[in-house]
Amino acid sequence: MKTIGYCAHDQNSPLVPFTFERRALRSNDVAMEILYSGVCHSDLHTARNDWGWTTYPNIPGHEIVGRVIEVGSDVSKYKIGDHVAVGCMVDSCQECEPCHHHEEQFCENGMTQTYNSPDRQTGDITFGGFSKHLIVREEFVLNVPQTLDLSRVAPLLCAGITTYSPLKTWNVTKGSRVGVIGMGGLGHMAVKLAAGMGAEVTVISRSENKKADAMELGADHFLISENSDQMAEKASYFDLIIDTVPVKHDLNPYTPLLKIDGTLVLVGQIGPVAEPLTTPLIMGRRRIAGSLIGGIKETQEMLDFCAEHNILPECEMIRMDEINHAFERMERSDVHYRFVIDMATLEAEA
Ligand SMILES: [Zn+2]
Ligand SMILES: [Zn+2]
């Protein structure tokens, strides 16, 4: 299938239109027309080879919402016209223990990522959602509940599941005390989802800038991390803190805020953090943990939860040809709170 997307040809150039072939439909494949694509920080990092593992040409995009246009002969869950979604993964071995436990993101043989990852059968590098069409095996396609506003669903597929999964893993429920560090794409979803689960939510931020937004999105409290009196007041307070900060930072101001057995879970920064002090960990049996997106089953559960509670990201809709400007704004954290590309704007270029 011939289609068009936006690709980076190397780490220094802007994304440009690119015509390419999607694979022929396999018997268990779903083909979709992409309607909306969210823009994640990983897209920017990968396009610019910040992590050193990018293959060019690179078509980013792993927050994808579309409409089914064709299905393979063995597909049973979807039919032409259905509204569907794809997140960060498009395949896994389906045979190892994590795969059997619906945690394909931890597949022992390596999940296939939506872009910049070799196809398990052909070895061809996958191309992501900044494109007109996508072909994915049925098991990795999600159903979009009808009541959700389709134009705002896309960021749930990465930002949504990345924050939903730790909330579930650490059993957040009515009355749990949840802290959220950093209020960007991930953080604002953590606030909405935790509030939706009935938790008492506190946004922890360096300055008061985002206080009004935080309260509007569902936070109960706002804690300024530069204010030592406020921080001391919240010592041993939280059951769970979700740390969404995407750059190297110091965890030591935050660990004393946890209750005994409380957990600070990292979802933003892949790479080094400042040297952690063990005293607050040992003296309070506190934990520092990490979490990576979520499995397909849990991602579907998250979409259904968002439909039930009418939870959607705050989005800024852009045209496909505005992507390079959007990347620049993301670097300055100048986005409220996620860019979504209206993929109909790519049609004109094709
Ligand atoms: Zn992402
Ligand atoms: Zn596996």
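Labelled according to an unreviewed UniProt entry, the chain appears under the name NAD(P)-dependent alcohol dehydrogenase, originating from Vibrio casei. The record in UniProt for the chain states the following under Sequence similarities (unreviewed entry): "Belongs to the zinc-containing alcohol dehydrogenase family."

Chemist: Would you mind going over the packing of helix 3 (residues 159-169) against helix 8 (residues 296-309) with me for this structure?
Modeler: Working note: a packed helix pair is described by the angle between its axes plus the distance between those axes. Axis separation between helix 3 and helix 8 bottoms out at 10 Å; the angle between their running directions is 95°. Of the possible angle classes, the one that applies to helix 3 and helix 8 is roughly perpendicular. Along its contact with helix 3, which presents Gly 160, Ile 161, Tyr 164, Ser 165 and Lys 168, the element helix 8 presents Glu 298, Thr 299, Met 302 and Cys 306. Residues that form the contact of helix 3 with helix 8 fall into these classes: four nonpolar, three polar and two charged.

Chemist: Mind showing me how you'd approach the pairing of strand 10 (residues 177-181) here?
Modeler: In summary, the side chains of a regular strand alternate between the two faces of the sheet. A large share of strand 10 lies buried, amounting to five of its five residues. Side-chain alternation along strand 10 places Arg 177, Gly 179 and Ile 181 on one buried face and Val 178 and Val 180 on a second face that is also buried. In the sheet, strand 10 pairs with strand 11 (residues 200-205) via five bridges, with the strands oriented parallel. If you follow Ile 181 over to strand 11, its bridge partner there is Ile 204. Considered for its hand, the β-α-β crossover made up of strand 10, helix 4 (residues 185-196) and strand 11 is right-handed. The pairing of strand 10 with strand 13 (residues 238-243) spans four bridges and is parallel. Within strand 13, the position partnered with Val 180 by the bridge is Ile 242.

Chemist: Hey, could you run me through the pairing of strand 16 (residues 315-318) in this one?
Modeler: As defined by bridge partners, strand 16 adjoins strand 17 (residues 338-342) across four bridges and the pair is classed as parallel. Bridge pairing in strand 17 places Glu 316 opposite Phe 339. The parallel pair strand 16 and strand 17, bridged by helix 9 (residues 323-331), forms a crossover whose chirality is right-handed.

Chemist: Mind showing me how you'd approach the domain arrangement of the chain here?
Modeler: Interface size is commonly expressed as the accessible surface area that is lost when the partners come together. Here the chain is partitioned into domain 1 (2-157 + 313-345) and domain 2 (159-290). Each partner contributes residues to the interface: domain 1 has eleven residues there, and domain 2 has eight residues. Here the side of domain 1 that touches domain 2 is built from residues that sort into six nonpolar, three polar and two charged.

Chemist: What should I look at first to understand the UniProt feature "domain: Enoyl reductase (ER)" (unreviewed entry) in the chain in this one?
Modeler: UniProt tags residues 10-341 as "domain: Enoyl reductase (ER)" (unreviewed entry). Counting secondary structure, residues 10-341 comes out at 22% helix and 25% strand; the distance between its end C-alpha atoms is 22 Å.

Chemist: Where do I start with the packing of helix 3 against helix 4 in this structure?
Modeler: Where helix 3 contacts helix 4, the two axes come as close as 8 Å, and the packing angle between them is 50°. When the axes of helix 3 and helix 4 are compared, the pair comes out oblique. Seen from above, helix 3 lies across helix 4 with right-handed handedness. Across the interface between the two elements, Ala 159, Gly 160, Thr 162, Thr 163, Tyr 164 and Leu 167 of helix 3 pack against Gly 185, Leu 186, Met 189, Ala 190, Leu 193 and Ala 194 of helix 4. Across the contact of helix 3 with helix 4, the residue classes break down as eight nonpolar, four polar and no charged.

Chemist: Even after reading the chapter, I still don't get the nonpolar core, so can you show me in this structure?
Modeler: One broad trend across soluble globular proteins is that nonpolar side chains are buried collectively. If you look at the biggest cluster of nonpolar residues, it comprises 97 residues, and the most contacted ones within it are Val 86, Val 180, Val 191 and Ala 194. The leading source of residues in this core is strand 3 (residues 29-39), at seven residues. Counting contributing residues, this core receives three or more from each of domain 1 (2-157 + 313-345) and domain 2 (159-290). When residues no more than four places from it in sequence are discounted, the contact partners of Val 86 are Ile 64, Thr 114, Leu 134, Val 136, Phe 140, Val 141, Leu 142 and Leu 157.

Chemist: Would you mind showing me how to read the sheet that holds strand 15 (residues 287-290) here?
Modeler: Hydrogen bonds between backbone groups are what pair the strands of a sheet, and the pairing can be parallel or antiparallel. What the six strands build is an open sheet, ordered 12-11-10-13-14-15; its pairing is parallel. At either margin of the open sheet sits one strand with a lone partner, and together these are strand 12 (221-224) and strand 15. Sheet twist, expressed as the average angle between the axes of neighbouring strands with direction ignored, equals 25°. Bridge analysis of strand 11 against strand 12 gives four bridges, and the strand direction is parallel. Within strand 12, the position partnered with Ile 204 by the bridge is Leu 223.

Conventions adopted
Residues numbered from 1 in each chain as written. Chains lettered and ligands numbered in written order. Predicted model: local features only at pLDDT ≥ 70, side-chain atom pairs only at ≥ 80, totals over all residues. UniProt positions renumbered as here; feature names shortened; annotations may be inferred. Axes fitted to C-alpha atoms, helices over the stretch in contact; angles between N-to-C directions. Helix = DSSP H or I, 4+ residues; strand = E, 2+ residues; numbered from the N terminus. Parallel < 35°, antiparallel > 145°, perpendicular 65-115°, else oblique. Contact = placed C-beta atoms within 7 Å. Nonpolar A, V, L, I, M, F, W, Y, C, P; charged D, E, K, R; others polar. Buried ≥ 20, exposed ≤ 12 C-beta atoms within 10 Å, placed from the backbone. Pairing = 2+ DSSP bridges. Right-handed = clockwise from strand over helix to strand, strands pointing away. Domains from an automatic or database assignment. Left-handed = near helix turned anticlockwise from the far one by under 90°. Core = buried A, V, L, I, M, F, W, Y, C linked by C-beta atoms within 7 Å.

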